Amino acid sequence: MTFRNFKMVGYVVYGRGCFNQLDELLAPHRKGDAPMIFLLDHYFENRPLARRIPLRGKDKVIFADVSYEPKTSYVDRLATELKQEFGTVSGIIGIGGGSTMDLAKAVSLMMTNPGSSADYQGWDLVKLPGVYKVGIPTLSGTGAEVSRTTVLTGPTKKLGMNSDFTPFDQIVLDPELTADAPVNQRFYTGMDCYIHCIESLEGTYLNEFSKSYGEKALQLCQEVYVKKQGWDADSDDKLMMASYAGGMSIAYSQVGVAHAVSYGLAYLLGTKHGIGNCIVFDKLEEFYPEGVREFKKMVEKNKIDIPQHITKGLTDEQFNTMIDVSLVMKPLWENALGKDWEKIMTRDRLRALYEKL
Ligand code: NAD
Ligand code: ZN
């Protein structure tokens, strides 16, 4: 098909306190006594949010360990254990940052698809719809709540399960849930959204659909990080919608250089998505001059540290691993640099870029 016919999220509820409506939202999707499984970011263990989960019958809360970004092995283990314990479940509800939401999407898909989640890393490889799935962000920025992918690190690659079966059936956007996030983490994840906007708006795949969402998301990021003094409830409201719109923008375009390069860092060094993108974007003046200038301003204004020299002392083999992982991301490079990207982003040039980080 020439034009992408993409699947979107089924239902969206937005507003401060809308998390309280979760029980009602889930009720029609309960199948007999098959439980709802709540994958809750481990940060919330013993915190008030854990006590607000509307448990019924055999429902279960699993604290998602997101010390590392989701791995295919973790997804497979969770799905296997759930199948052993319950046979089938009514749904999977992911409550947390991008990592927990991605885990929830992947576990939902692996409740019905055979084999390992690693078999489905790529584009349109998933064969069957998963079980009912709900995404509830507690950090804003990744756009994982709206995307048709779930980013997983597998035995040989870091790549998403991109498919029409991947988007959530329901998302619950309650900005109150992001209120207590630590300043640095909130910045790194928020900058993921800012970088999505720049990469989408500056990319060759751009069209009016992506532009409309990208410009709005960018404006919201600028209001939060450039214009406002301090952080308040309105900042949480705005950033949550920026994340949503930023995700919608890349749905019909692509991300670019920062993401392609940071995937290599993540694979080799385990650098997390938000901070990794910031480390890379900081050095991308040649590709995104205006965006990088504004980014540096936001870093300064918000008093954030961007780690430096993280690739110092790596071996040739390690640099080559990062380069290999990065160059697999063909659509990202093509969006950033055009059809001839392979001539522009040679291995030597990419190595020089990695050495700057
Ligand atoms: P995260 O989910 O990895 O969480 C980062 C840290 O913040 C964790 O320690 C977590 O426990 C903590 N945390 C979460 N919510 C909190 C809160 N309200 N208060 C305090 N701490 C909180 O971070 P992220 O930046 O949201 O997500 C990054 C992940 O998202 C990566 O795995 C990346 O691959 C993925 N991602 C997915 C997509 C997609 O389209 N599917 C897009 C971009 C990124
Ligand atoms: Zn991103």
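With an unreviewed UniProt entry as reference, the chain is termed 3-deoxy-alpha-D-manno-octulosonate 8-oxidase, source organism Puia dinghuensis.

## As for the coordination of the zinc ion (ligand 2)
Bound to the zinc ion (ligand 2) on the protein side are D192 (OD), H196 (NE2), H259 (NE2) and H273 (NE2), at distances that span 2.1 to 2.2 Å. Here the zinc ion (ligand 2) binds 4 donor atoms, and the angle range of 88 to 169° at the metal identifies the geometry as irregular. Expressed as a motif, the donor residue spacing for the zinc ion (ligand 2) is D-x3-H-x62-H-x13-H. Pair noted here: H196 is in helix α5 (residues 183-201) and H259 is in helix α8 (residues 257-269), with a separation of 63 residues, a long-range link. With respect to class, H196 is no different from H259; both count as buried.

## What to know about the packing of aromatic side chains
When we look at a pair of aromatic rings, we describe it by the centre distance and by the angle of the planes. Applying the stated rule across the entire model yields 11 aromatic pairs. With a centroid separation of 4.9 Å and 85° between ring planes, the pair formed by Y43 and F44 is classed as edge-to-face. Given a relative accessible area of 36%, Y43 falls into the partly exposed group. Ring geometry for F209 against Y213: centres 5.4 Å apart, planes inclined by 50°, an arrangement best described as tilted. Linking F209 with Y213, this pair stays in helix α6 (residues 208-227), spanning 4 residues, or about one helical turn. An aromatic cluster of at least three residues, connected via ring pairs, comprises F6, F209, Y213 and Y252. Directly above the ring of Y263 sits K158, whose terminal nitrogen or CZ lies 4.7 Å from the centroid. For the cation-ring pair, R186 lies above W231, with the distance from its terminal atom to the ring centre recorded as 3.8 Å.

## Comments concerning the site of ligand 1
Neighbouring residues of ligand 1: 25 residues in total, closest D41, G98, S99, S147 and T189. Considering ligand 1 on its own, with 860 Å² of exposed area, one finds that the protein chains cover 93% of that surface. Mapped by element, the contributors of at least two residues to the shell around ligand 1 are α4 (98-110) and α5. For the shell around ligand 1, the residue count by class is 10 nonpolar, 11 polar and 4 charged. When we break the shell around ligand 1 down by domain, the ones giving at least three residues each are domain 1 (11-178) and domain 2 (183-356).

## A short note on the sheet that holds strand β6 (residues 132-137)
Where strands meet in a sheet, backbone hydrogen bonds hold them as pairs that are either parallel or antiparallel. Reading across the sheet, the 6 strands line up as β1-β9-β6-β4-β2-β3 and stay open at both edges, with parallel pairing between neighbours. What marks the edges here is a single partner per strand, and that holds for β1 (11-14) and β3 (60-64). The average undirected angle you get between the axes of adjacent strands in this sheet is 15°. In terms of strand pairing, β6 meets strand β9 (residues 170-173) through 2 bridges, oriented parallel. In the strand pairing of β9, G135 is matched with I171. The sheet strands contacting helix α3 (residues 72-86) are β2 (36-41), β3 and β4 (91-96), and the helix crosses β3 at an angle near 165°.

## Overview of the UniProt feature "domain: Alcohol dehydrogenase iron-type/glycerol dehydrogenase GldA" (unreviewed entry) in the chain
Under the UniProt annotation, the feature "domain: Alcohol dehydrogenase iron-type/glycerol dehydrogenase GldA" (unreviewed entry) is placed at residues 12-175. The annotated region residues 12-175 carries 23% helix and 24% strand content, and the separation between its end C-alpha atoms amounts to 13 Å.

## Some remarks on the sheet that holds strand β5 (residues 122-123)
Spatially, 3 strands are ordered β5-β8-β7 in an open sheet, and the strand pairing comes out mixed. Strands with a single pairing partner mark the edges of an open sheet, and in this sheet they are β5 and β7 (151-153). Relative to strand β8 (residues 158-162), β5 runs parallel, the two sharing 2 bridges. Across the sheet, the residue bridging to G122 is M161, located in β8.

Rules used in this analysis
Residues numbered from 1 in each chain as written. Chains lettered and ligands numbered in written order. Predicted model: local features only at pLDDT ≥ 70, side-chain atom pairs only at ≥ 80, totals over all residues. Heavy atoms only, no water. Donors = N, O, S within 2.8 Å, 3.2 Å for Na, K, Ca; no water. Tetrahedral: all angles 85-135°; square planar, octahedral: opposite > 155°, others 65-115°. Helix = DSSP H or I, 4+ residues; strand = E, 2+ residues; numbered from the N terminus. Buried < 20%, exposed > 50% of the residue type's maximum accessible area, 1.4 Å probe, protein only. Phe/Tyr/Trp six-rings, centres within 6.5 Å; stacked < 30°, edge-to-face > 60°. Lys NZ or Arg CZ within 6 Å of the ring centre and 35° of its normal. Near = heavy atom within 4 Å. Areas by Shrake-Rupley, 256 points an atom, 1.4 Å probe, with all protein chains shown as cover. Nonpolar A, V, L, I, M, F, W, Y, C, P; charged D, E, K, R; others polar. Domains from an automatic or database assignment. Pairing = 2+ DSSP bridges. Axes fitted to C-alpha atoms, helices over the stretch in contact; angles between N-to-C directions. Contact = heavy atoms within 4.5 Å. UniProt positions renumbered as here; feature names shortened; annotations may be inferred.

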